[in-house]
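# Remarks on the overall topology
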Amino acid sequence: MKHPMLKYMKETGPCGDRLPTILCPGCGAGQVLNYTLHAVDQIIKEDKIAKERFLFISGIGCSSRLTTHYLNFDSAWTLHGRAPAVATGALLANPEFKIILFTGDGDVGAIGGNHFIHVCRRNLDMTILCMNNALYGMTGGQVAPTTPRGDYTTTTPYGNVENSFVLCKLAEVAGASYVARWTTAHPQQAIRSIKHGIRKKGTSFIEILSQCPVHAKKSAVEILRSYKTKTVKAKNAEKGDNRIPIGEFLDIEQPEWFESFQKIIDSFASEERKDQNE
Amino acid sequence: MNKLWIDERYCKGCLICIDACPTKAIRPSEKLNSKGYRLPIEENMALCKACEICVLMCPDFAIAVSEE
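Remember, it's a predicted structure, so these values are computed and weren't measured experimentally.

## A short note on the overall build of chain B
- Looking only at helices and strands, chain B has 2 helices and 4 strands in total.
- Tracing chain B from N to C terminus, the helices and strands come up as β-α-β-β-α-β.
- Radius of gyration (C-alpha) of chain B: 11 Å, near the 11 Å computed for a compact globule of 68 residues.
- Principal-axis analysis of the C-alpha atoms gives chain B an extent of 30 × 20 × 20 Å.

Structure, rendered in structure tokens:
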């Protein structure tokens with residue numbers, strides 16, 4: 001008997017055992033991987049989609065170690081912040097791919113911000129999963145663009161004085177089709193959102209607030225409990241509420257990049273046929 | 001009775017499963033494993049309803065429950 005999701009993972013490789021993961025005890029990235037695999041497992045079973053149609057792409061960071069190292073799917077471990085760019089290329093080569101991007105907040109919000117907003121603007125068919133722990137975990141807990149005002153990190157010992165990036169709002173105004181935010185303490189809701197995001201035509205952006213117990217200097221259990229009290233469903237939020245809104249923020253139908261291009265190609269093809277008939 | 005399985009190689013003792021368990025069927029062990037982690041062990045498996053919330057929330061793919 002073993003964990004049901006281990007069937008999608010590489011337990012051993014050419015250089016010895018791959019598991020246990022390199023992540024710290026209680027890391028939220030492992031939980032997000034677990035939720036994503038549950039969502040992918042349900043989609044494979046319900047929609048009868050071949051396992052080969054999934055492609056996982058990641059950049060650099062704790063969250064981005066999840067793809068090529070552990071997954072038994074097609075995956076790519078790419079440049080820092082450039083995962084959306086590589087995903088665009090992969091999608092151009094094979095539009096049938098169901099692409100899932102694992103990114104962190106430093107990856108998608110700081111160094112790869114430009115790539116991220118332009119993928120949203122083009123509305124390419126991919127699912128971007130952002131694990132937001134509000135600091136740079138891998139390099140030693142420095143301040144990140146998503147660190148809330150007043151938070152203590154190793155480079156802001158007297159509290160952060162900058163405004164923080166709200167990635168969900170950025171994705172919304174950049175033109176994504178589906179935007180949601182959950183935390184690692186909301187597994188069922190996160191799985192439902194990831195499933196919807198994978199099935200959705202167009203860019204889906206799902207931000208998952210995930211804990212970094214090492215740099216937050218709290219236990220994972222304590223942070224998971226605080227996520228339940230610190231957050232509020234977006235539709236129940238009142239004005240002046242300081243809690244973090246969670247839930248689905250945007251779910252719209254709009255023309256996807258490939259569909260729009262296919263229409264232009266088809267219109268030329270029909271004109272050619274007309275010319276030949278004449 | 002449902003059966004609990006913990007992979008001692010993969011578990012890092014974060015104890016998320018114990019906090020998540022709605023019926024408190026598992027508890028942390030007194031003994032440390034070879035890496036110095038406190039692994040979850042069975043407290044009273046008669047309480048386990050096999051809801052698999054521990055399986056869902058485990059970051060290290062180290063826990064499984066089988067229904068019987």
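From this point, the discussion proceeds with the structure in view.
## A word on helix H1 (residues 28-47) of chain A
- Under the 1.5 Å per step criterion, the end-to-end length of H1(A) is 28 Å for 20 residues, consistent within 8% with the ideal 28 Å.
- Phi turns positive one or two residues past the end of H1(A), at Lys48(A), with a value near 55°.

## Brief notes about the sheet that holds strand S4 (residues 74-77) of chain A
Residue and element names in this part refer to chain A.
- The 8 strands are arranged S4-S3-S5-S6-S8-S7-S10-S9 in an open sheet whose pairing can be described as mixed. Only two strands of the sheet have a single partner each, and these edge strands are S4 and strand S9 (231-233). Here the strands of the sheet are splayed against their neighbours by 20° on average, with no regard to which way each runs.
- As judged from the 5 bridges shared by strand S3 (residues 54-58) and strand S5 (residues 98-104), these two strands associate in the parallel manner. Bridge pairing in S5 links Leu 55 to Ile 99.
- The sheet contacts of H1 involve S3, S5, strand S6 (126-132) and strand S8 (204-209), and relative to S6 the element is tilted by about 155°.

## Notes on unusual backbone geometry
- Cis geometry is found at the peptide bond from Leu19(A) to Pro20(A), where omega equals 5°.
- Secondary-structure assignment places Pro20(A) in the loop between strand S2 (16-17) and H1.
- The phi angle at Asn123(A) is positive, at roughly 60°, despite the residue not being glycine.
- For Asn123(A), the location among the structural elements is in the loop between helix H5 (113-122) and S6.
- The phi torsion at Lys24(B) lies on the positive side, around 55°, for a residue other than glycine.
- Mapped onto the elements of the fold, Lys24(B) is located in the loop between helix H1 (16-20) and strand S2 (26-32).

## Here's the deal with the environment of Leu4(B)
All names here are of chain B.
- Mapped onto the fold, Leu 4 is located in strand S1 (residues 3-6).
- Spatially, the C-alpha atoms of Leu 4 and Ile 26 are 9.0 Å apart, while their sequence positions differ by 22 residues.
- With residues up to four places along the chain from it excluded, the contact list for Leu 4 reads Ile 26, Glu 42, Met 45 and Val 65.

## Let's talk about helix H9 (residues 220-230) of chain A
- Among all positions of H9(A), only Ala220(A), Ile223(A) and Leu224(A) are buried. All buried residues of H9(A) fall inside an arc of 100° around its axis, so they share one side. Looking at H9(A), the residues exposed on the side facing more than 90 degrees away from the buried face are Lys228(A) and Thr229(A).
- The inward-facing, buried residues of H9(A) abut helix H8 (213-216) of chain A together with H1 of chain B.

## Considerations on the interface of chain A and chain B
- Listed by partner, the interface residues are 22 residues for chain A and 21 residues for chain B.
- Mapped by element, the contributors of at least two residues to the side of chain A that touches chain B are H1 and H9 of chain A.
- The element that contributes the greatest number of residues to the side of chain A that touches chain B is H1(A), accounting for 4 residues.

Rules used throughout
Residues numbered from 1 in each chain as written. Chains lettered and ligands numbered in written order. Predicted model: local features only at pLDDT ≥ 70, side-chain atom pairs only at ≥ 80, totals over all residues. Helix = DSSP H or I, 4+ residues; strand = E, 2+ residues; numbered from the N terminus. Rg over C-alpha atoms; globule rule 2.2 N^0.38 Å. Expected span 1.5 Å × (residues − 1). Pairing = 2+ DSSP bridges. Axes fitted to C-alpha atoms, helices over the stretch in contact; angles between N-to-C directions. Contact = placed C-beta atoms within 7 Å. Buried ≥ 20, exposed ≤ 12 C-beta atoms within 10 Å, placed from the backbone. Arc of directions from axis to C-beta.

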